[in-house]
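# Notes for the structure review
For reference, the chains in residue letters:
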Amino acid sequence: MTFVTPTRLSDGRELIYFDAGEDSAARHRDAATRDVRRLPARGPAGTVRYDALSGEWIAVAAHRQSRTHLPPADQCPLCPATPGNLSEIPAADYEVVVFENRFPSFGPDLGELPATPGWGTTSAAYGRCEVVAFDPAHEGSFGSLAPERARTVIDAWAQRTEALSAMPGIKQVFCFENRGAEIGVTLLHPHGQIYAYPFIPPRAAALATRAAEFFDASGGKQTLMGHALAAERSTGDRMVLEGKHFSAFVPFAARWPLEVHLVPHRQVADLAALTGEERDELTTVYLDLLGRIDALYPTPTPYIAAWQQAPVDPVLRPAGYLHLQLTSPRRAADKLKFLAGSEAAMGAFINDTTPEAVAESLRTAVPAVHADTRARKDQA
């Protein structure tokens, strides 16, 4: 069971502690964990501009230029607070914490975007941006977490997905983790983010539209992701691992040199809809997958772990199918793929690897934790 303890930072931003035990949760209810920084009042939301040429909303968040960039450990804003470092997390220790981003791309105001935008339409960047601190340790990523801590993070994602989806004007909730300087990470502390958008982003909209078309054509009897999962499990060429509730595979038309989809066997709209048993297995399977990815090369692999959840929209939601899309630009031990002319300008991807070869490499990779276990058995 995960205990949830909400509080407020000194500028009014919400902060929530997630703890696996009652004893841990109790310490966060103490006045000693209150934020004593006396931060200035929050500024207004940024703006979004409508691109009439593409039909997309573009966020303008110039205030993010001043956000923290790769601070030393004694100045990390995600580490537990100390007298010398009054961080974003006032507690002296914690398990998992979620708080409103001090430099949000969307929010803090909530509302509806103009229904009929045109050339020159501008609006407040409604929505919400949250930071998820996975662990009090200064360095790491989701893959470095102990299983118990990873399970608490999954509960935090689920709780925030449900809460944010119910907020006025929110159309899409996106949980993600950026890992590695090559991706643009500005904090070494193990963390992820959650964006609650006032619109359905282009990539999510394209996936949702295709899913809805397939769902409707089947008379509501079959989902597009369910069909893809069944096909991949049947052929096996691109499968990476299979569990009771989840499977991972390299997609047939992978865009990136390293790309894996982690998919539940049961159609659910979002993380909040997963059962306790499903969340338990997701913890194990996800950590296994990340371990395999890091076992491919001698140094940690940069990646974006993107949870594709169904839009809040009641028309598109029935066809939605939760899944993780994990992508990396790493195409060799010392090479990265850059989005150049074809990809960046035209959106036409050219992959440098074959999905089948990548899947085979991941199937045979031995995660470090497995290698350690095997070594202990050999010594015994």
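Residues numbered from 1 in each chain as written. Predicted model: local features only at pLDDT ≥ 70, side-chain atom pairs only at ≥ 80, totals over all residues. Heavy atoms only, no water.

## Here we look at the pattern of salt bridges
- Using the criterion set out here, one finds 27 salt bridges in the structure.
- Between Glu 130 and Arg 160 there is a salt bridge whose closest N-O contact spans 2.7 Å. In this pair, Glu 130 sits in strand β7 (residues 128–133) while Arg 160 sits in helix α2 (residues 147–165), placing the two residues 30 residues apart along the sequence.
- Here Glu 213 and Arg 210 are joined by a salt bridge, their closest N and O atoms 3.7 Å apart. (Salt bridge = Lys/Arg side-chain N within 4 Å of Asp/Glu carboxyl O. Helix = DSSP H or I, 4+ residues; strand = E, 2+ residues; numbered from the N terminus.)

## Notes on the sheet that holds strand β1 (residues 3–8)
- One open sheet accounts for 11 strands, arranged β1-β2-β5-β7-β9-β8-β13-β14-β12-β11-β10; its pairing is antiparallel. Each edge of the open sheet carries a strand with a single partner, namely β1 and β10 (239–242). Shown here is a sheet whose adjacent strand axes are inclined to one another by a mean of 20°, direction ignored.
- Taken together, the five bridges between strand β12 (residues 258–264) and strand β14 (residues 323–328) define a ladder with antiparallel strand orientation. Each bridged residue has a counterpart across the sheet, and for Leu 258 the counterpart in β14 is Ser 328.
- The strands touched by helix α4 (residues 224–235) within the sheet are β10, β11 (246–249), β12 and β14, with β11 carrying the most contacts at an inclination of about 75°. (Pairing = 2+ DSSP bridges. Axes fitted to C-alpha atoms, helices over the stretch in contact; angles between N-to-C directions. Contact = heavy atoms within 4.5 Å.)

## So, the sheet that holds strand β3 (residues 47–51)
- The strand order across the open sheet built from three strands is β4-β3-β6, with neighbouring strands paired in antiparallel fashion. For this open sheet the edge positions go to β4 (56–60) and β6 (122–124), each flanked by a neighbour on one side alone. Averaged over all pairs of adjacent strands, the angle between their axes in this sheet comes to 30°, without regard to strand direction.
- Pairing of β3 with β6 involves three bridges; the strand directions are antiparallel. Considered in β6, the bridge of Val 48 is made with Ser 123.

## Quick look at the packing of aromatic side chains
- Tallied over the full model, the rule gives 15 aromatic pairs.
- Taken together, the ring pairs in this structure connect Phe 106, Phe 174, Phe 176, Tyr 195, Tyr 197 and Phe 199 into an aromatic cluster.
- Lying across the ring of Phe 349, Arg 255 places its NZ or CZ 5.6 Å from the centre. (Phe/Tyr/Trp six-rings, centres within 6.5 Å; stacked < 30°, edge-to-face > 60°. Lys NZ or Arg CZ within 6 Å of the ring centre and 35° of its normal.)

## Quick look at the side chain of Thr 327
- With respect to the element layout, Thr 327 can be found in strand β14.
- For Thr 327, a relative accessible area of 14% puts it in the buried group.
- Thr 327 has contacts with Trp 256, Leu 258, Glu 259, Pro 302, Tyr 303 and Ile 304, leaving out every residue within four places of it along the chain. (Buried < 20%, exposed > 50% of the residue type's maximum accessible area, 1.4 Å probe, protein only.)

## Brief notes about α4
- For α4, with 12 residues, the first-to-last C-alpha span of 17 Å sits near the 16 Å given by 1.5 Å per residue.
- Every buried residue of α4 is accounted for by Met 225, Leu 229 and Glu 232. Along α4, the residues classed as buried sweep out an arc of 65° about the axis, all on the same side.
- Tucked into the core, α4 has its buried residues touching β10, β11, β12 and β14.
- At the N-terminal end of α4, a side-chain oxygen is found 3.1 Å from the backbone nitrogen of Gly 226, two or three residues along, and the residue is Thr 223.
- Gly 236, located one to two residues past α4, shows a positive phi value of around 80°. (Expected span 1.5 Å × (residues − 1). Arc of directions from axis to C-beta. Polar contact = N/O pair within 3.5 Å; in protein donor to acceptor, adjacent residues only side chain to side chain.)

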